[in-house]
Amino acid sequence: MGGAAKSTTDHEFIRRWAEERGGRPARVKGTGGPGDPGMLRIDFPGYAEESLEEISWDEWFDKFEEKNLAFLYQETIDGQPSRFFKLVDRGSVSGEERKAA
């Protein structure tokens, strides 16, 4: 796979993709409420945003499913592992793309 963006909803794939790049599940501080992690992100080393707070993968995926999201990602860019990802509505990607993993 090259620089083209692909999408998936596979939890294990998403977790592996993030962890291979040093990413941890996170949320934006000040969003959500009791039992709701709010806006989801993946926190990568070197991008220590003070606005992010680490959460568990279980919390992250619960919200991911609740919001009916898909994970848009890139494997590599210029031959190096890419950290590009975006969370999008599942309705915005075709069924064929969603299964790619």
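**Here's the deal with the sheet that holds strand β2 (residues 24–28)**
At step 1: Strand order in the open sheet formed by three strands is β3-β2-β4, with antiparallel pairing between adjacent strands. The open sheet has two edge strands with one neighbour each: β3 (40–43) and β4 (52–54). Strand-to-strand, the axes of this sheet are offset by a mean angle of 45°, without reference to chain direction.
At step 2: Direction of pairing for β2 relative to β4: antiparallel, over a ladder of three bridges.

**Quick word on helix α2 (residues 57–66)**
Because an α-helix packs 3.6 residues into every turn, residues spaced three or four apart end up facing the same way.
At step 1: Residues of α2 that are buried: W57, W60, F61, K63 and F64. Viewed end-on, α2 has its buried residues packed into an arc of 160°, placing them on one side of the element. With respect to the buried face of α2, the exposed residues turned more than 90 degrees away are D58, D62 and E66.
At step 2: Where α2 ends, the next residue or the one after it, N68, has phi of about 55°, a positive value.

Rules and cut-offs
Per chain, residue numbering runs from 1 following the sequence as it is written. Thresholds applied to this predicted model are a pLDDT of at least 70 for local features of residues and 80 or more for the giving and counting of side-chain atom pairs; totals over whole chains, interfaces and linings are not thresholded and use all residues. Remark: hydrogens and water are excluded; side-chain values derive from all non-hydrogen atoms of the structure. Here, any two strands with at least 2 DSSP bridges between them count as paired. Working definition: helices are DSSP H or I runs of at least four residues, strands are E runs of at least two. Numbering for both runs from the N terminus. Only the stretch in contact is used when a helix axis is fitted, and all axes are lines through C-alpha atoms; the angle between N-to-C directions ranges over 0 to 180 degrees. Any residue under 20% of the maximum accessible area for its type is buried, any over 50% is exposed, and the rest in between are partly exposed; the area is computed with a 1.4 Å probe on protein chains only. By definition, the arc is the one covered by directions from the helix axis to the C-beta atoms.

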